[in-house]
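The chain contents come next:
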Amino acid sequence: MKNRKFALVVLASAMTTFFISCSDDDADVVTVTETVEVDSSLPVGDLLVNLSGNLVAESGTPTQGLVEVGVDTDDTNFVRFADDFTTELGTGTVGIFLSTSEVFTPDPANGNPDLMLIGNVAGNGEMFIKLGDTPDAKYTHIVLWCATANIPFGNVALN
């Protein structure tokens, strides 16, 4: 009798594990793993702003603020988040992506051609991200993506 109860418990556990692990609840989960070295150097001299825009909050976050893309007097490209920049900080890492649209559209199988990770939110307020080169003209937006919650925190159209 004990063996039969044990067998039923094992069978029930196995079936529960099977149904839980095979559920399609995670079908929409997107995981982006990318390593980027962020240079938080400050611009030399004045930043000549080429593109800018104001963040639009998404997913109920308090995201807001002015974002600028420009070049300093040494011809180094930067993204600047102004003093009024605010977003949610309690959920984990918030990635900053140059994007071809306001929507975070990962395509890791093809090297994410519509996204370029440039850094992570370090805190609210003014922040500079030094870019290696002039951003490709195809990048028309910046998207803040929270990988922990798998949701967008905000975006900005750069004009």
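Residues numbered from 1 in each chain as written. Predicted model: local features only at pLDDT ≥ 70, side-chain atom pairs only at ≥ 80, totals over all residues. Heavy atoms only, no water.

**Student:** Explanation requested: the overall build of the protein in the structure shown.
**Tutor:** Along its length, the protein carries one helix and nine strands. Start at the N end of the protein and walk to the C end: the helices and strands fall as α-β-β-β-β-β-β-β-β-β. For the protein, buried positions account for 35% of its 159 residues. Nonlocal contacts in the protein, meaning residues at least 24 apart in sequence, comprise 65% of its contacts between residues at least 6 apart. (Helix = DSSP H or I, 4+ residues; strand = E, 2+ residues; numbered from the N terminus. Buried < 20%, exposed > 50% of the residue type's maximum accessible area, 1.4 Å probe, protein only. Contact = heavy atoms within 4.5 Å.)

**Student:** Whenever I open this one, the nonpolar core confuses me. Can you help?
**Tutor:** Nonpolar side chains tend toward joint burial in soluble globular proteins. Counting residues in hydrophobic clusters, the biggest one holds 21 residues, and the most contacted among them are V79, F81, I96, I142 and L144. The set of elements that each furnish at least two residues to this core consists of β3 (66-71), β4 (77-81), β5 (94-99), β7 (127-131), β8 (141-146) and β9 (151-157). Here F81 is in contact with L55, L66, V67, I96, G125, E126, M127, I129, I142 and L144, once residues within four sequence places are set aside. By size, the runner-up hydrophobic cluster in this structure holds six residues, among which are F104, L115, V143 and W145. (Core = buried A, V, L, I, M, F, W, Y, C linked by side-chain atoms within 4.5 Å.)

**Student:** Explain the environment of A122 to me, please; I cannot follow it from the model alone.
**Tutor:** Residue placement: A122 occurs in the loop between β6 (115-120) and β7. Owing to a relative accessible area of 73%, A122 belongs among the exposed residues under this scheme.

**Student:** How should I be thinking about the pattern of salt bridges in this particular structure?
**Tutor:** Between side chains of opposite charge, a pair can form as their charged atoms come close. A full pass over the atoms with the stated rule returns two salt bridges. Close ionic contact of E68 with R80 constitutes a salt bridge, the shortest N to O distance being 2.9 Å. Taken together, the positions of E68 in strand β3 and R80 in strand β4 put the pair 12 residues apart, joining distant regions of the chain. One network of salt bridges, with partners in common, ties together E68, R80 and E126. (Salt bridge = Lys/Arg side-chain N within 4 Å of Asp/Glu carboxyl O.)

**Student:** Help me understand the sheet that holds β8, please; the structure alone is not making it clear to me.
**Tutor:** Spatial strand order, β2-β9-β8-β5-β6: five strands in an open sheet with antiparallel pairing. Edge strands, defined here as strands with exactly one partner in the open sheet, are β2 (56-57) and β6. Direction of pairing for β2 relative to β9: antiparallel, over a ladder of two bridges. Across the sheet, residue V56 finds its bridge partner in β9, namely N155. (Pairing = 2+ DSSP bridges.)

**Student:** Is there a simple way to think about the environment of R80 in this case?
**Tutor:** A relative accessible area of 15% places R80 in the buried class. Residues R80 and M127, spaced 47 residues apart in sequence, show a C-alpha to C-alpha distance of 5.8 Å. Excluding anything up to four places from it in sequence, R80 contacts L47, L66, V67, E68, E126, M127 and F128. Within the structure, R80 has its side chain in polar contact with the side chain of E126 (distance 2.9 Å). (Polar contact = N/O pair within 3.5 Å; in protein donor to acceptor, adjacent residues only side chain to side chain.)

**Student:** Can you help me understand the sheet that holds β4 in this one?
**Tutor:** For sheets, the rule is that strands pair by backbone hydrogen bonds, running either parallel or antiparallel. Taking strand neighbours across the sheet as the criterion, the four strands line up as β1-β3-β4-β7 in an open arrangement whose pairing is antiparallel. Whereas interior strands pair on both sides, the edge strands pair on one side only; in this sheet they are β1 (48-54) and β7. Neighbour-to-neighbour, the strand axes of the sheet open up by a mean angle of 20°, direction not taken into account. Relative to β7, β4 is paired through five bridges, and the arrangement is antiparallel. (Axes fitted to C-alpha atoms, helices over the stretch in contact; angles between N-to-C directions.)

**Student:** How should the packing of aromatic side chains be read in this particular structure?
**Tutor:** When we look at a pair of aromatic rings, we describe it by the centre distance and by the angle of the planes. For the structure shown, the criterion picks out four aromatic pairs. Pairing F81 with F85 gives two aromatic rings, centres 4.8 Å apart and planes at 55°, and the pair type is tilted. The buried category is assigned to F85, whose relative accessible area is 1%. Through successive ring pairs, a cluster of aromatic residues spans F97, F104 and W145. (Phe/Tyr/Trp six-rings, centres within 6.5 Å; stacked < 30°, edge-to-face > 60°.)

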